[in-house]
Amino acid sequence: MSTPTIEDAPQAGNPHSAGLDAAESGKVELITITVRIRRFNPEEHPDAVWVDYQLTVDPKIRVLDAINTIKWEQDGTLTYRRSCAHGVCGSDAMRINGKNRLACKTLIKDVSPEKPITIEPIKGLTVLKDLVVDMDPFFQAYRDVMPFLITTGNEPTRERIQSEEDVQRFEDTTKCILCAACTTSCPVFWNDGQYFGPAAIVNAHRFIFDSRDEGAEQRLEILNDRDGVWRCRTTFNCTDACPRGIEVTKAIQEVKRALVTRRF
Amino acid sequence: MPAGTLYRGREGMWSWVAHRVTGVLIFFFLFAHVLDTALVRVSPEAYNSTIATYKTWPVNLMEYGLTAAILFHALNGLRVIAVDFWAKGPKYQRQMLWTVVTVWVVLMAGAFYPILQETLRNWFG
């Protein structure tokens, strides 16, 4: 099997869009953008500063590519997390133009490149350096809701059977990649770091509503705490921020209702 | 330190901010209201003179503002209850907010003359 390539020049008279022509001829319209990054290095200065970087890029690249270009070509001290670069590992959540997003899933053309693009660390967690924050409190809240299957009795010899309907009950919340975009978009979490936060509740939801799991009562009791689900003020920032499209607020509300009705 | 940017939340965040602000306003009104009513226990004259200051145009405008705050808080409160207890509430929260805002605007337009008629008469004859 050979890789399909465009070998023939477009025939005269064929209607072609400018974009197609550009793609076929390999030409890319480059634009000059300003990336305004909130830099913080406690070893050099106690305060954070905004630093502007100019670069000429294809508007169809991702914000992560732009940051990589800055690090590789302009300032090697720029510090941030990234790993898979394809929206799966959840490392590069940051506040781009005032909203939490994954830098690897955000295209330059979608963030008003005609104006400076602001990039800040996610809010509510201690900034260690530049865009790197201390994720320990976030993962501690995650661990606290016991995000693993809890069962009693003997293990079945084959599988734990579950109907399609039962899977759908929690399918949405299995998509979480623990990027912290939701938790750090929450005004309640900004003001009170003790709040479990949307991500921990989403991951509790994933097991509470799993018909194979038997630890729902324990998890509900954990989330019945004053820093549990009741702190949620339904601002929907988490739902808007989730790069996986999880209906986070809906999941939190389902946990609240499960606490009231004890039906799950 | 140059400040970070304001988080660009959408309707949900701003409705929560408005709910908080109107809630605090209503609390301060109730606080003042309890105090002025309690004045009648001090002396009826003190009570009367305090209430007389309320019959001025700045207080009249504040009454309209109080109506706005209470109406928004009440209507958005119904929306929050729906988000909490109706399974499809989170899905339709945005539509519900715009419904709340529409009803609020209509009611505020309707309340404009009845509440402000004294001030309007004084100003425009």
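Just so it is clear, the model here is predicted, and its values are computed rather than measured. (Residues numbered from 1 in each chain as written. Chains lettered and ligands numbered in written order. Predicted model: local features only at pLDDT ≥ 70, side-chain atom pairs only at ≥ 80, totals over all residues. Heavy atoms only, no water.)

Chemist: Teacher, can you tell me more about the overall build of chain B here?
Modeler: Counting its regular elements, chain B contains four helices and zero strands. Counted from the first residue to the last, chain B has its helices and strands arranged as α-α-α-α. Along the three orthogonal principal directions, the C-alpha set of chain B runs to about 55 × 40 × 40 Å. Evaluated residue by residue, chain B yields a buried proportion of 26% over its 125 residues. A sequence separation of at least 24 residues applies to 64% of the contacts in chain B between residues at least 6 apart. Carbon together with sulfur atoms contributes 73% to the accessible area of chain B, which is approximately 8,200 Å² in total. In chain B, 10 side chains carry a positive charge and 6 a negative one; their mean positions are 16 Å apart. (Helix = DSSP H or I, 4+ residues; strand = E, 2+ residues; numbered from the N terminus. Buried < 20%, exposed > 50% of the residue type's maximum accessible area, 1.4 Å probe, protein only. Contact = heavy atoms within 4.5 Å. Areas by Shrake-Rupley, 256 points an atom, 1.4 Å probe, with all protein chains shown as cover. Lys, Arg positive; Asp, Glu negative; His and termini not counted. Charge placed at Lys NZ, Arg CZ, Asp CG, Glu CD.)

Chemist: Looking at this model, I keep getting lost on the nonpolar core. Mind explaining?
Modeler: Note that soluble globular proteins tend to have their nonpolar side chains buried in a common cluster. Counting 69 residues, the largest nonpolar core has A:I119 and A:L223 as the members making the most contacts within it. Apart from the residues lying within four places of it in its own chain, the contact partners of A:L223 are A:V145, A:F196, A:I201, A:A204, A:I208, A:G228, A:V229, A:W230, A:V255 and A:L259. Within the second largest apolar cluster, six residues are counted, among which are B:Y64, B:A68, B:L116 and B:L120. (Core = buried A, V, L, I, M, F, W, Y, C linked by side-chain atoms within 4.5 Å.)

Chemist: Help me out: how do you make sense of the interface of chain B and chain A in this one?
Modeler: When the parts of a complex come together, some accessible area is lost, and that lost area is often used as the size of the interface. Between chain B and chain A, the contact holds 24 residues from the first and 26 residues from the second. Roughly 2,200 Å² of surface becomes buried between chain B and chain A when both sides are summed, with 56% attributable to carbon and sulfur atoms. When the buried surface of chain B facing chain A is broken down by residue, B:T5, B:Y7 and B:W16 rank first, second and third, together holding 31% of it. Seen at the junction of chain B and chain A, the total is two salt bridges. (Buried area = accessible area lost by both parts, 1.4 Å probe. Salt bridge = Lys/Arg side-chain N within 4 Å of Asp/Glu carboxyl O.)

Chemist: What should I look at first to understand the pairing of strand β1 (residues 31-39) of chain A in this one?
Modeler: In summary, the side chains of a regular strand alternate between the two faces of the sheet. Residues and elements named next belong to chain A. With nine bridges connecting them, β1 and strand β2 (residues 49-57) associate as antiparallel partners. Bridge assignment links R38 to a residue of β2, and that residue is W50. When β1 meets strand β5 (residues 117-120), the two strands line up parallel, connected through three bridges. Bridged to V35 within β5 is I117. (Pairing = 2+ DSSP bridges.)

Chemist: It is not clear to me how the pattern of salt bridges should be interpreted in this structure. Could you clarify?
Modeler: Side chains bearing opposite charge may pair, as long as their charged atoms lie close to each other. Residues and elements named next belong to chain A. Under the counting rule described, the total for this entry stands at 22 salt bridges over all chains. Between E254 and R169 there is a salt bridge, with the nearest N and O atoms lying 3.5 Å from each other. Of this pair, E254 sits in helix α9 (residues 248-261) while R169 sits in the loop between α4 (164-168) and α5 (187-191), placing them 85 residues apart in sequence. By relative accessible area, R169 is classed as partly exposed at 38%. One salt bridge connects R231 with D192, and the closest N-O pair in it is separated by 2.6 Å. Of this pair, R231 sits in the loop between α7 (216-223) and α8 (237-241) while D192 sits in the loop between α5 and α6 (197-208); the two residues are 39 residues apart in sequence, bridging distant segments of the chain. Given a relative accessible area of 16%, D192 falls into the buried group.

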